[in-house]
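# Report on the structure
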Amino acid sequence: MSVASTAAYAARRAAQRERVRILYRKALKDTLNWAVHRHLFYEDADNLRARFEVNRGVEDPDTIDRLIADGEAQYNKWRHPDPYIVPWAPGGSKFTRNPTPPEGIEIVYNYGREDND
Amino acid sequence: MALRAALIRHLRVPVQTVSPAGRVSQPSVANSLFGSIRFMSSHDDHLSKEDVADRVLSVVKSFPKVDPSKVTPDVHFQSDLGLDSLDNVEILMALEEEFKLEIPDKEADKIDSCKLAIEYIHNHPMAS
């Protein structure tokens with residue numbers, strides 16, 4: 001790599017690192033979705049980490065891109081159909097269940113009193 | 001009965017009276033202790049910063065690759081504790097499980113140290 005393109009190279013590698021981190025995060029959550037019991041999850045998480053560690057020393061950006069694309073394809077293949085999502089998060093059961101009322105709306109507590117009382 | 005009277009006296013809300021001259025008199029001091037704590041309120045359950053810090057530190061200390069004696073509230077995961085970026089992801093997932101949060105991927109990528117984690121969780125409205 002020439003010196004002039006080192007910044008571009010570094011930026012590309014940084015973007016790849018971010019993709020790897022996000023892929024690892026999603027894969028770990030997916031592993032937790034599939035293996036609900038903790039002892040199974042710890043084993044599967046170790047295996048997943050080992051699979052990531054195998055490719056740790058790769059330096060060539062094109063190979064890295066290909067590996068990341070392979071990893072994302074595998075992740076998409078193994079995604080859980082009913083993942084656990086925190087209830088108030090998008091996709092959860094409580095999402096926008098009780099939105100905050102818009103400004104200017106007031107509740108008038110007249111306890112059922114009619115106008116002609 | 002006396003306890004109830006004492007409790008009611010303590011829970012009295014301070015009334016600012018405006019005298020005819022227009023000056024506002026000082027609120028009573030007796031309410032200063034209980035004015036900040038509202039019993040039976042559902043809007044005050046935000047975690048305090050020390051609470052958040054304690055729980056974050058306990059989660060980080062119980063991580064198997066971390067030496068518990070080096071963990072302070074200012075520690076940076078990768079430079080001080082010698083962790084990896086993938087370990088960072090794992091710690092963040094443990095924090096998400098501890099505080100029942102869901103952190104978006106882009107923001108989760110940026111949380112790199114205990115200080116950032118404590119700040120983020122403290123400012124998150126749904127942390128519990």
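For clarity, every value in this text was computed on a predicted model and none was experimentally measured. (Residues numbered from 1 in each chain as written. Chains lettered and ligands numbered in written order. Predicted model: local features only at pLDDT ≥ 70, side-chain atom pairs only at ≥ 80, totals over all residues. Heavy atoms only, no water.)

## Comments concerning the overall build of chain A
Heads up, the condition is: Strands here mean DSSP runs of E at least two residues long; helices mean DSSP runs of H or I at least four residues long; both are numbered from the N terminus. For this measure, only C-alpha atoms enter the radius of gyration; the expected value for a globule follows 2.2 Å times N^0.38, where N is the number of residues. Burial status follows relative accessibility: with a 1.4 Å probe on protein chains alone, a residue under 20% of its type maximum counts as buried, one over 50% as exposed, and anything between as partly exposed. Whether two residues are in contact is decided by their heavy atoms: any pair within 4.5 Å suffices. Residue-level accessible areas treat just the shown protein chains as cover; the underlying method is Shrake-Rupley with a 1.4 Å probe.
In terms of regular secondary structure, chain A is built from three helices and zero strands. From first element to last, N terminus to C terminus, chain A shows the α and β order α-α-α. Radius of gyration (C-alpha) of chain A: 25 Å, far over the 13 Å computed for a compact globule of 117 residues. Considered along the principal axes of its C-alpha atoms, chain A spans approximately 85 × 45 × 20 Å. Here chain A, with 117 residues, has 23% of them falling under the buried criterion. A separation threshold of at least 6 residues defines the contact pool for chain A, and within that pool the share at least 24 residues apart is 58%. In the structure as shown, chain A presents an accessible area of about 9200 Å², 55% of it carried by carbon and sulfur atoms.

## Some details on the UniProt feature "domain: Carrier" (unreviewed entry) in chain B
The condition is simple: UniProt positions are given in the numbering used here, feature names are shortened, and annotations may be inferred rather than shown by experiment.
UniProt records the feature "domain: Carrier" (unreviewed entry) at residues 50-125 of chain B, using the numbering of this structure. For residues 50-125 of chain B, the helix share is 57%, the strand share is 0%, and the end-to-end C-alpha distance is 16 Å.

## Comments concerning the nonpolar core
Put simply, the test is: Buried residues of nine kinds, namely Ala, Val, Leu, Ile, Met, Phe, Trp, Tyr and Cys, make up a nonpolar core once their side-chain atoms join them within 4.5 Å.
Within the largest apolar cluster, 27 residues are counted, with the highest numbers of intra-cluster contacts made by B:Val56, B:Val60, B:Leu81 and B:Phe99. Of all the elements in the fold, those that place two or more residues in this core are α2 (49-61), α3 (85-99) and α5 (114-123) of chain B. At six residues, the largest contribution of residues to this core is made by α2(B). Apart from residues no more than four positions distant in its own chain, B:Val56 is found in contact with B:Leu95, B:Phe99, B:Cys114, B:Ile118 and B:Ile121. Of all hydrophobic cores here, the second largest spans 14 residues; its members include A:Leu32, A:Ala35, A:Ala45 and A:Phe52.

## Regarding unusual backbone geometry
Phi is positive for A:Tyr111, which is not a glycine, with a value near 50°. The phi angle at B:Lys100 is positive, at roughly 55°, despite the residue not being glycine. Here B:Lys100 is to be found in the loop between α3 and α4 (105-110).

## Considering the pattern of salt bridges
As a reminder, the rule being used: Note on definitions: salt bridges are taken to be side-chain nitrogens of Lys or Arg within 4 Å of carboxyl oxygens of Asp or Glu.
One pass over the full model with this rule turns up 20 salt bridges over all chains. Taking the shortest distance from any N to any O, the salt bridge between A:Glu59 and A:Arg13 comes out at 3.1 Å. Of this pair, A:Glu59 sits in the loop between α2 (38-54) and α3 (61-77) while A:Arg13 sits in helix α1 (residues 6-34); the two residues are 46 residues apart in sequence, bridging distant segments of the chain. By relative accessible area, A:Arg13 is classed as buried at 12%. Where B:Glu90 meets A:Arg49, a salt bridge forms, and the shortest distance between an N and an O atom there is 3.2 Å. Of the two residues, B:Glu90 is situated in helix α3 and A:Arg49 in helix α2; the pairing between them involves two chains.

## Some details on the environment of A:Val58
All names here are of chain A. Mapping Val-58 onto the fold places it in the loop between α2 and α3. By relative accessible area, Val-58 is classed as partly exposed at 24%. Filtering out sequence-adjacent residues up to four positions away, Val-58 remains in contact with Arg-13, Thr-63, Ile-64 and Leu-67.

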